[in-house]
Amino acid sequence: MIQKLYIYESWDTNPYSNIALEKYLLDHLTPGDCILYLWQNKNTVVIGRNQNAWAECRTTLLEQEDGKMARRLSGGGAVFHDLGNLNFTFLLNEEDYDVDKQLSVIQTALSGLGLMAEKSGRNDLLVEGRKFSGNAFFHRNGHAYHHGTLLVSADMEKLSRYLTPPKAKLEAKGVSSVRSRVANLTEFVPDLTCDALRVHMTKAFSKVSGLPCSVAHLPDEAA
């Protein structure tokens, strides 16, 4: 049973530091704790644990434009991160893991903005039929995390230039390009910022769980 809620916020925009911190939080979970980790990366493509980077990303172009590529522990497809995107990670013990409840935190946060978010399949969240969030999952040693993206005001031109998903994947979604099926939340709430969404996510995290939420700080060993 979840007994304590914690928020960890990273203001570092280095993907290697942020992904390492995510792993640290996963490995050091204690029973009854549930963590919401909020973080952002600058000009980065993050690929799944089993993906071929060259098949789903224009790696040379990314490198030429001072971008970074990182590999995460979870599966799923390649995603683009910039400072117009807010990343979230729910970290908890497997007995408390509930994808629907975790997604409801995001849905509750968006309802506070006057938006209705709908689940699509196992991995996506949509507003008005457009994807604004992709999700992925990882389990190890009785611990689990569920993480994903929240597109607020991401650079869609870069997203479409860097990412090259297989044609069959797009056809399965019934769209002609990765850009045509995604949307920034600012298309629906023009003045929304990532910082404002952090606040809505924190409030929704507490509301859905019915528990107070503490802002936590890392021990010196992980700083």
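Here, residues in each chain are numbered from 1, in the same order as that chain's written sequence. Only residues with pLDDT of 70 or above have their local features reported here, since the model is predicted, and side-chain atom pairs are shown and tallied only from 80 upward, although totals for entire chains, interfaces and linings are computed over all residues. For side-chain calculations, the full set of non-hydrogen atoms in the structure is used, while hydrogens and water are omitted.

Caption draft 1: Geometry of helix α4 (residues 99-111). Between its first and last C-alpha, α4 extends 18 Å over 13 residues, near the 18 Å set by a 1.5 Å rise per residue. If you check which residues of α4 are buried, you get Gln102, Leu103, Ser104, Val105, Ile106, Ala109 and Leu110. In this structure, the buried side of α4 is in contact with β6 (85-93), β7 (117-120), β8 (124-127), β9 (130-140), β10 (143-151) and α7 (194-209). Polar contacts here mean pairs of N or O atoms no more than 3.5 Å apart (in protein, one a potential hydrogen donor and the other a potential acceptor; neighbouring residues in sequence count only if both atoms are side-chain atoms). Secondary structure follows DSSP: runs of H or I at least 4 residues long count as helices, runs of E at least 2 residues long count as strands, and numbering of each begins at the N terminus. Backbone nitrogen of aspartate 100 and a side-chain oxygen of the N-cap are separated by 3.2 Å at the start of α4; the cap is aspartate 98. Helix span, expected: 1.5 Å multiplied by one less than the number of residues in the helix. Type-normalised accessible area, obtained with a 1.4 Å probe on protein chains alone, sets the label of each residue: buried when under 20%, exposed when over 50%, and partly exposed for intermediate values. The contact rule is simple, with two residues in contact once any of their heavy atoms fall within 4.5 Å.

Caption draft 2: Structural view of the confidence of the model for the protein chain. When the pLDDT values of the protein chain are averaged, the result is 91; 91% of them are 70 or greater. pLDDT expresses, on a scale from 0 to 100, how confident the predictor is about each individual residue. With pLDDT under 50 throughout, residues 170-177 is counted as low confidence; its partners more than four residues away or in other chains account for 10 contacts.

Caption draft 3: Broad picture of unusual backbone geometry. In this structure, asparagine 43 is a non-glycine residue whose phi angle is positive, near 45 degrees. Looking at the element boundaries, asparagine 43 is found in the loop between β2 (33-39) and β3 (44-47). The exposure class assigned to asparagine 43 is buried, which follows from its relative accessible area of 10%.

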